[in-house]
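The primary structure of each chain is shown beneath.
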Amino acid sequence: MPATQVHVLLAVCDTAHSAPVAQALMLAGATVSMVHVRSAEHLLECLAEQKPSLLVLELDREWGALEQLRTQHPALPVVVLLTKPTEELAFAISRLGAEDVWTLPMHVASMLERVEAVVQRAHAAGESVRAALGEDPGRGIPPAPLSGDVEPAISVNERSGSPAGRNAPPSPPFMMGDNPRMAEIRDTIDKVSGTDVTVLIRGESGVGKEVVARLLFEHSRRRQKAFVKVNCAAIPHDLLESELFGYEPGAFTGAVRSKPGKFELADRGTLFLDEIAEMHPSLQAKLLHVLQDGKFSRLGAKRDVSVDVRVICATNKLLEERVREGLFREDLLYRINVVTISLPPLRERRDEIPILTDYLLRKYALQYGRTLNPLSDEVTQRMMEYDWPGNIRELENLCKRFVLVGSETQILRELSSHNGGVQGSAIQGENRNENTPQNDAATNLSLLEVGRRAAWEAERQAISETLVATNWNRREAARRLQISYKAFLNKMKQMQVREPATLGGEAGENEDASGNFDTQ
């Protein structure tokens with residue numbers, strides 16, 4: 001694009017931080033004016049003089065009078081630069097309605113990509129304004145001033161420019177709060193993103209584990225290669241092996257030609273294994289082999305394939321408990337658990353709620369072509385008090401419904417009913433057995449966890465009863481329960497089912513001196 005089409009005002013507090021940003025803006029074809037701003041009032045004066053089509057503002061503290069910026073320049077795209085994110089700055093960004101947020105320092109490739117995207121959006125927005133004012137969009141003149149003197153001619157869905165770009169909102173403002181745990185996570189990401197170590201991301205469903213995985217990828221040396229995601233829970237385990245490792249013709253019925261697996265597609269890049277706890281134990285051994293040697297064979301192949309892949313895993317399950325249940329290999333847990341990032345739920349990082357809400361409302365207003373209506377103080381307060389059991393995914397669905405329906409009454413009713421339901425269940429539980437200490441722990445378990453524990457207890461009881469019925473003949477008990485003898489012994493060990501001291505065990509099947517079963 002012609003350099004004169006996009007005029008960027010780069011308002012900085014420290015020129016040393018922003019010099020790379022200025023270079024990237026110029027590489028993207030923009031004309032850049034850099035000013036050292038002392039206050040919000042000084043910034044408004046610079047905007048009135050230069051009338052840019054894009055403002056890139058470095059925030060190092062909470063500034064007063066920032067609301068005037070949006071009042072006087074309602075349609076001016078704003079990008080915020082941060083070096084030390086804090087809770088105060090998060091609220092300031094929320095009031096600004098920033099187009100994007102860049103946390104410095106940033107890798108050159110990532111910066112160039114984001115700079116180019118925002119410059120293109122600013123260019124398209126300027127074209128829309130000139131077209132609305134009856135000017136020739138192709139003349140290459142600076143855009144009309146987007147100030148309080150001119151009625152903004154851009155609706156929410158036109159802000160991103162061309163139809164192809166209307167569904168492309170700015171990058172999500174993730175981990176922008178001042179929560180100490182999130183600051184620790186940001187520090188961990190900075191330290192390990194440049195390495196090739198395997199990372200395990202833990203957290204409840206919907207907390208943003210995939211976002212962390214993509215941040216690790218975007219800040220790594222492999223960012224120019226592929227990022228391949230595999231949801232281990234969404235693919236049946238008998239198909240997951242062929243998806244991960246590929247197959248050769250004739251490997252199974254219907255395999256008429258060779259197909260590369262996800263590991264080959266991610267060669268020299270990053271493979272993200274989501275819901276790793278749901279991977280079948282028979283496949284975990286092959287995954288462990290790949291992580292150790294970087295080699296595997298396609299289904300039906302006669303030779304190994306070598307790959308160079310960084311693996312990032314995520315789970316919302318407690319893997320240590322899955323190991324105790326015999327559902328996850330302990331050696332695989334040690335292999336993938338080189339670095340662990342544990343994401344707290346949204347209720348423990350409430351300072352991010354206003355930022356995420358603002359981003360999600362603008363995202364879906366752009367996507368669905370709706371007018372962007374701000375939330376009332378009452379709804380905002382109720383959202384800050386809500387526990388968000390579904391985390392960011394639940395917040396996203398609520399923002400989507402508000403954009404489409406536009407009813408705050410419905411939002412308030414949903415938040416009240418959900419909170420009331422949780423509190424009501426807790427009160428009823430206390431009335432039923434208020435002196436039972438384990439009752440509180442049970443209310444914090446997910447339905448899946450409750451089911452898993454119930455199944456574990458039922459299986460242990462079945463093994464114990466069968467052993468008693470067979471006079472502790474382990475081979476006969478395994479036959480009746482229709483599992484292999486070795487698997488039965490392992491189950492006994494995991495569930496700590498032990499023969500009473502008054503009974504004698506079968507020869508060769510008793511525990512050894514170390515407490516381990518002899519499975520030979």
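Note that the structure is a prediction, hence the values are computed from the model and not measured.

Notes on the pattern of salt bridges
For the structure shown, the criterion picks out 26 salt bridges. For Lys-317, the salt bridge identified is with Glu-278, shortest N-O distance 3.1 Å. Taken together, the positions of Lys-317 in the loop between β11 (310-315) and α11 (319-324) and Glu-278 in the loop between β8 (270-274) and α10 (281-293) put the pair 39 residues apart, joining distant regions of the chain. Lys-317 sits in the buried class, given a relative accessible area of 13%. Between Glu-476 and Arg-480 there is a salt bridge; the shortest N-O distance is 3.0 Å. You can see Glu-476 and its partner Arg-480 sitting in helix α19 (residues 474-481), four residues apart, about one turn around the helix. A relative accessible area of 22% places Glu-476 in the partly exposed class.

Considering helix α13 (residues 353-368)
A rise of 1.5 Å per residue sets the reference length of α13, with its 16 residues, at 22 Å; its end C-alpha atoms lie 22 Å apart and thus fit the reference within 8%. α13 sits mainly inside the fold: 14 of its 16 residues count as buried. Directly beyond the C-terminal end of α13, a positive phi value near 65° is found at Gly-369.

Some remarks on the packing of α19 against helix α20 (residues 485-494)
The interhelical angle for the contact between α19 and α20, taken along N-to-C directions, is 105°, at an axis separation of 9 Å. What the angle tells us is that α19 and α20 run roughly perpendicular. From α19, Arg-474, Arg-475, Ala-477, Ala-478 and Leu-481 reach across to α20, where they touch Tyr-485, Phe-488, Leu-489 and Met-492.

Description of the nonpolar core
Among the nonpolar cores identified, the biggest contains 30 residues, and Leu-244, Phe-263, Leu-273, Ile-276 and Ile-336 are the most heavily contacted of them. When contributions to this core are tallied by element, the ones reaching two or more residues are β7 (227-231), α8 (237-245), β8, α10, β11, α11 and α12 (330-336). Among all residues touching Ile-276, those that are not within four sequence positions of it are Leu-200, Cys-232, Leu-287, Cys-313, Ala-314, Thr-315, Phe-328 and Ile-336.

Examining α8
Residues of α8 that are buried include every one of Leu-240, Ser-242, Leu-244 and Phe-245, and no others. Turning to α8, the residues buried within the fold contact β7, α9 (262-265), β8, α10 and β9 (295-296). One or two residues past the end of α8 sits Gly-246, with phi positive at roughly 80°.

What about the packing of α8 against α10?
For any two helices packed against each other, one specifies the inter-axial angle together with the distance between the axes. Running from amino to carboxyl end, α8 crosses α10 at an angle of 15°, the nearest separation of the two axes being 10 Å. Between α8 and α10, the angle falls in the class roughly parallel. Between α8 and α10 lies a crossing whose hand is left-handed. Contact with α8, carried on its side by Leu-240, Glu-241, Leu-244 and Phe-245, involves Leu-283, Lys-286, Leu-287 and Val-290 of α10 and no other residues of that element. Class assignment of the residues belonging to the contact of α8 with α10 gives a composition of six nonpolar, no polar and two charged.

A short note on the pairing of strand β3 (residues 54-59)
Side chains on a regular strand alternate between the two faces of the sheet. β3 sits mainly inside the fold: six of its six residues count as buried. Both faces of β3 are covered, namely the face carrying Leu-54, Val-56 and Glu-58 and the face carrying Leu-55, Leu-57 and Leu-59. Here strand β1 (residues 7-12) pairs with β3 via four bridges, running parallel. Pairing of Leu-10 across the sheet is with Val-56, part of β3. Here five bridges tie β3 to strand β4 (residues 78-82), and the two strands are oriented parallel to one another. In the strand pairing of β4, Leu-59 is matched with Leu-82.

Here's the deal with a nonpolar patch on the surface
On the surface, Tyr-368, Leu-404 and Val-405 cluster together into a nonpolar patch covering about 250 Å² of accessible area. By relative accessible area, Tyr-368 is classed as partly exposed at 32%.

Quick notes on the environment of Pro-344
For Pro-344, the position within the fold is in the loop between β12 (339-342) and α13. Along the chain, Pro-344 and Ile-185 lie 159 residues apart, while their C-alpha atoms are 9.9 Å from each other.

Examining the sheet that holds β7
Picture the strands of a sheet paired through backbone hydrogen bonds; they go either parallel or antiparallel. Taken in spatial order, the five strands of this open sheet run β7-β8-β11-β6-β12, and their pairing is parallel. Strands at the two margins of the open sheet, each flanked by one partner only, are β7 and β12. Neighbour-to-neighbour, the strand axes of this sheet turn through a mean angle of 20°, independent of strand direction. Note that strand β6 (residues 199-202) and β11 share four bridges and pair parallel. Bridge pairing in β11 links Ile-201 to Ala-314.

Digging into the confidence of the model for the chain
Taken residue by residue, the chain gives an average pLDDT of 74. The fraction at 70 or more is 72%. Scored below 50 in pLDDT, residues 132-171 shows 80 contacts in the model against residues more than four places distant or in partner chains. Here residues 504-520 is modelled with pLDDT under 50, and outside its nearest four sequence neighbours on either side it reaches 29 contacts, counting other chains as well.

Topic: the packing of aromatic side chains
Evaluation of the coordinates by the stated rule reveals seven aromatic pairs. Measuring from ring centre to ring centre gives 6.2 Å for Phe-227 and Phe-272, while their planes differ by 25°; the resulting arrangement is stacked. Here Phe-227, found in strand β7, pairs with Phe-272, found in strand β8; they are 45 residues apart in sequence, far enough to count as distant. Taking relative accessible area as the criterion, Phe-227 reaches 17% and is therefore assigned buried. Residue Phe-272 is classed as buried on the basis of its relative accessible area of 0%. Seen from their ring centres, Phe-245 and Phe-296 are 5.3 Å apart, and the 50° between their planes marks the pair as tilted.

Cut-offs and rules
Residues numbered from 1 in each chain as written. Predicted model: local features only at pLDDT ≥ 70, side-chain atom pairs only at ≥ 80, totals over all residues. Heavy atoms only, no water. Salt bridge = Lys/Arg side-chain N within 4 Å of Asp/Glu carboxyl O. Helix = DSSP H or I, 4+ residues; strand = E, 2+ residues; numbered from the N terminus. Buried < 20%, exposed > 50% of the residue type's maximum accessible area, 1.4 Å probe, protein only. Expected span 1.5 Å × (residues − 1). Axes fitted to C-alpha atoms, helices over the stretch in contact; angles between N-to-C directions. Parallel < 35°, antiparallel > 145°, perpendicular 65-115°, else oblique. Contact = heavy atoms within 4.5 Å. Core = buried A, V, L, I, M, F, W, Y, C linked by side-chain atoms within 4.5 Å. Left-handed = near helix turned anticlockwise from the far one by under 90°. Nonpolar A, V, L, I, M, F, W, Y, C, P; charged D, E, K, R; others polar. Pairing = 2+ DSSP bridges. Patch = residues over 30% accessible without salt bridge, like charges linked within 9 Å, V, L, I, M, F, W, Y side chains within 5 Å. Areas by Shrake-Rupley, 256 points an atom, 1.4 Å probe, with all protein chains shown as cover. pLDDT = per-residue confidence, 0-100. Phe/Tyr/Trp six-rings, centres within 6.5 Å; stacked < 30°, edge-to-face > 60°.

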